[in-house]
Amino acid sequence: MDSFFDLFDPSPSSGSNSDSDLRNGNDDDSSNEQIDTIGQLLHHHHHHHRTDDSSNELVLKGIDFNRGFLPPEPQLGNIEYKLKLINPSKQRFEHLVTQMKWRLREGNGEAIYEIGVSDSGHLHGLNDADMTVSLHTLNQMARKLDASTSILRRKSLADHRSVVEVLVRKIPDDQHNIEVRVAVLGGADAGKSTLLGVLTQGEFDNGRGLARLNMFRHMHEIQTGRTSCISHETLGFDAEGSVINYKYNEMMTAEEISDRSTKLVTFMDLAGHRRYLKTTVQALSGYCPHHALIVIAAGNISNMTREHLAIVHALDISFSIIVTKIDLAPPEPILFELKNLLTSIGYRKVPYLISNQDDVLNANAHQSVEQIVPIFCVSNVTGEGLGLLIQYLYVLSPGISNAEKERLEQQPIEFQIDEIFRVSEVGTVAGGLLCKGVLTENSQVKVGPLQDGSFFSVTVQTIHRNKAPCRVVRAGQSASLSFNTVEPMPALRSGMVILPDYESSDVACGCFFFQAQVSVLFHATRIFKGFQTTVHIGSIRQTAIIEGIMGAGDTGIGTNQSASVLFRFLRHPEYVRPGMRILLREGTSKGIGKVTQVFPLKQTLNTGTTG
């Protein structure tokens, strides 16, 4: 792989040629152009992306631990530089502990400390005696917060000095582990299910699909080898970073993996076949994964993969790419294609090929700030490259800042229902994501909307997370709920929400009509009033009709245009509120936007069902 590494090397020549080629239109793949337009449009939304090539070069240079410097210390996020921590005064120690608490909150329970590095990113290094004292102080700080520390890597400099990178981890009080939700996407034959089978079962594949059999739920999936529904699998890590999966011992259950792990990675294996694309989009917008892995088989990048890349980019989810089947085909051609695609104007990402442990830690530390896309090359048959991927998952942090998390937890609850099960002796069970608030057992809640837009009251009886019972769910966590009702419960459906049951007249209500500011990413002709499209808003997926386009007159709107659009749900009312992200999809047409206004169905005392 090393001979190829210069392709991703930050020398000016390698970065700029391909970029200018793409800009001058020397790319003859029409599907690429479509992706480009999507990216160009998104580029207006993501103003934090780099705009000039020179800064792009700098981004690449700044990552490398081996160059003798790091980028300046980020103000936000969970990374802290410390030149030395030697015998601080009592007051200084308290200040350091408060700072560590803040960094841990930013990383949802995980922080990375670089010892021997100045705030500007210069690697000064410390001699052995100073480093020992500094690490001891760091341990004391962590102990004060009931946190654990583990050394990720040590780099030796001249004059017997060294720099050490330490992972500090504190599991939040209401959880017994830190959970990261990872969506796994890719074309139909990329080897997603096989990869997850190998990671979660701990057995290599035999090259004929043995590993993926463990992942399938339905008979037709086993027969065709294709995933149609979303399956959830977990991979656990203990405090030392050792993997806890089904191979850990013979009798491991999902519940035990969760109990023994300090960190849990929950994978959502999403369908790769075009026929199931709507399930995939719904899961991505509904489950809000922290990270996505896009799996590509060495050979060629399919249009399906391009579609997945565009969707992940549109929903602003950080992602990594895994090139599989490198035992069958050399990865070089596909890496070259990926580099061109990711550095194109649409994406402006920095491809970062992972070839050793240092790369793993560099990529993780700078992924959110620098728009890096880590690329792994693996074989599920020989196991090549899997160790680096597992290590990356171990250090991957959930990535929503804690200030944001606390803000969400203080809001009234809003739980989006994604899946509905019938369980004997329990009744209806609703699975989904708690977007806001904190939900506990025995809470009085209301569920809806029903066909007339109204909600009905129920009590939450039990809560399960990762197949294990728990008492409380917090914003950003997924869970399954069962209910206690006096009257028989109306039929639930995916897309409904659970809200707090207030006594006051503040009545939640579903709506048929809503307005959104929409940008068309791609449409072959133009979109007019009367156009029907599938709308995804959170876990809602329903056909909606465009009732009006403001200011478009008779001309409608086309690719790269945006307008305020009035929609009407076709089948039943939904609970929508302003500010929600919306994704439109019909055939090859795509659009994204935000809900600006909602027109609730007014409720009367003698509600007759409408619609």
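Calculation rules
Residues numbered from 1 in each chain as written. Predicted model: local features only at pLDDT ≥ 70, side-chain atom pairs only at ≥ 80, totals over all residues. Heavy atoms only, no water. UniProt positions renumbered as here; feature names shortened; annotations may be inferred. Patch = residues over 30% accessible without salt bridge, like charges linked within 9 Å, V, L, I, M, F, W, Y side chains within 5 Å. Areas by Shrake-Rupley, 256 points an atom, 1.4 Å probe, with all protein chains shown as cover. Salt bridge = Lys/Arg side-chain N within 4 Å of Asp/Glu carboxyl O. Helix = DSSP H or I, 4+ residues; strand = E, 2+ residues; numbered from the N terminus. Buried < 20%, exposed > 50% of the residue type's maximum accessible area, 1.4 Å probe, protein only. Expected span 1.5 Å × (residues − 1). Polar contact = N/O pair within 3.5 Å; in protein donor to acceptor, adjacent residues only side chain to side chain. Core = buried A, V, L, I, M, F, W, Y, C linked by side-chain atoms within 4.5 Å.

As annotated in an unreviewed UniProt entry, the protein carries the name Tr-type G domain-containing protein and comes from Anopheles maculatus. Database annotation for the protein, UniProt heading Subcellular location (unreviewed entry): "Cytoplasm". According to UniProt, the comment filed for the protein under the heading Sequence similarities (unreviewed entry) is "Belongs to the TRAFAC class translation factor GTPase superfamily. Classic translation factor GTPase family. EF-Tu/EF-1A subfamily."

> Can you walk me through a nonpolar patch on the surface in this structure?
On the surface, Phe421, Val423 and Val426 cluster together into a nonpolar patch covering about 210 Å² of accessible area. Structurally, the position occupied by valine 426 is in the loop between β13 (414–423) and β14 (427–436). Residue valine 426 is classed as partly exposed on the basis of its relative accessible area, which comes to 38%.

> I tried to follow helix α13 (residues 332–343) on my own but got confused; where do I start?
Think of an α-helix as turning once every 3.6 residues; residues three or four places apart then point the same way. With 12 residues, α13 should reach 16 Å at 1.5 Å per residue; the first-to-last C-alpha distance of 17 Å fits that figure. Taken together, the buried positions of α13 are occupied by Ile334, Leu335, Leu338, Lys339, Leu341, Leu342 and Thr343.

> Where do I start with the environment of lysine 263 in this structure?
Looking at the element boundaries, lysine 263 is found in strand β8 (residues 263–269). With relative accessibility at 0%, the residue lysine 263 sits in the buried group. The sequence separation of lysine 263 and glycine 236 amounts to 27 residues, and the corresponding C-alpha distance is 5.8 Å. Engagement of the side chain of lysine 263 in a polar contact is seen with the side chain of glutamate 110, the distance being 3.1 Å. Engagement of the side chain of lysine 263 in a polar contact is seen with the backbone oxygen of tyrosine 394, the distance being 2.8 Å.

> Help me understand the nonpolar core, please; the structure alone is not making it clear to me.
Leu195, Leu199, Phe267 and Leu393 are the most contacted members of the largest nonpolar core, which has 41 residues in total. Per element, the largest residue contribution to this core is 6 residues, and it comes from helix α15 (residues 386–395). Core analysis: the second largest hydrophobic core is formed by 35 residues, Ile296, Ile334, Leu338 and Ile375 among them.

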